[in-house]
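Chain by chain, the residues run as shown.
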Amino acid sequence: MKILHITPSSNGYEEVTLIANRHSEKNHLAVIEKDGEQFITGGFLINDTPMTRAALDEIPKDFQYMFVQSFRQEPFVKSYFK
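Quick notes on the rules
- Residues numbered from 1 in each chain as written.
- Predicted model: local features only at pLDDT ≥ 70, side-chain atom pairs only at ≥ 80, totals over all residues.
- Heavy atoms only, no water.
- Phe/Tyr/Trp six-rings, centres within 6.5 Å; stacked < 30°, edge-to-face > 60°.
- Helix = DSSP H or I, 4+ residues; strand = E, 2+ residues; numbered from the N terminus.
- Buried < 20%, exposed > 50% of the residue type's maximum accessible area, 1.4 Å probe, protein only.
- Contact = heavy atoms within 4.5 Å.

A. Focus on the packing of aromatic side chains. In this structure the tally under the stated criterion is 2 aromatic pairs. For the ring pair Phe44 and Tyr65, a centre distance of 5.1 Å and an interplane angle of 35 degrees mean the geometry is tilted. With a gap of 21 residues between them, Phe44 in strand 5 (residues 44–47) and Tyr65 in helix 2 (residues 64–72) connect regions that are remote in the sequence. A centroid spacing of 5.0 Å and a plane angle of 75 degrees characterise the contact between Phe67 and Phe71, whose relative ring orientation is edge-to-face. Of this pair, Phe67 and Phe71 both sit in helix 2, 4 residues apart, roughly one helical turn. Classification of Phe67 by relative accessible area gives partly exposed; the value is 33%.

B. Looking closely at the environment of Glu37. Here Glu37 is to be found in strand 4 (residues 37–41). With 36 residues separating them in the primary sequence, Glu37 and Met1 have C-alpha atoms 15 Å apart.

C. Expanded view of the side chain of Thr7. Note on placement: Thr7 falls in the loop between strand 1 (2–6) and strand 2 (14–20). You can call Thr7 buried: its relative accessible area is 13%. Apart from the residues lying within four places of it in its own chain, the contact partners of Thr7 are Thr41, Gly43 and Tyr65.

Here you go:
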């Protein structure tokens, strides 16, 4: 499946193929294929839609990772109520 992939070291998003959401039961990093090579990644995986591409294209490439990261952060107060 074609998706968009963003990491701190990539210059903006890149189109890759998602091979597996998890490498194994113990390794929860995703497996992608880029330029014919397979990689394990902890980067952000985003559905490739025209709306997503349009939004990311409006943001300078060197700020795209921080933009996506800001949406992925969940507010945290404490682990348990009681």
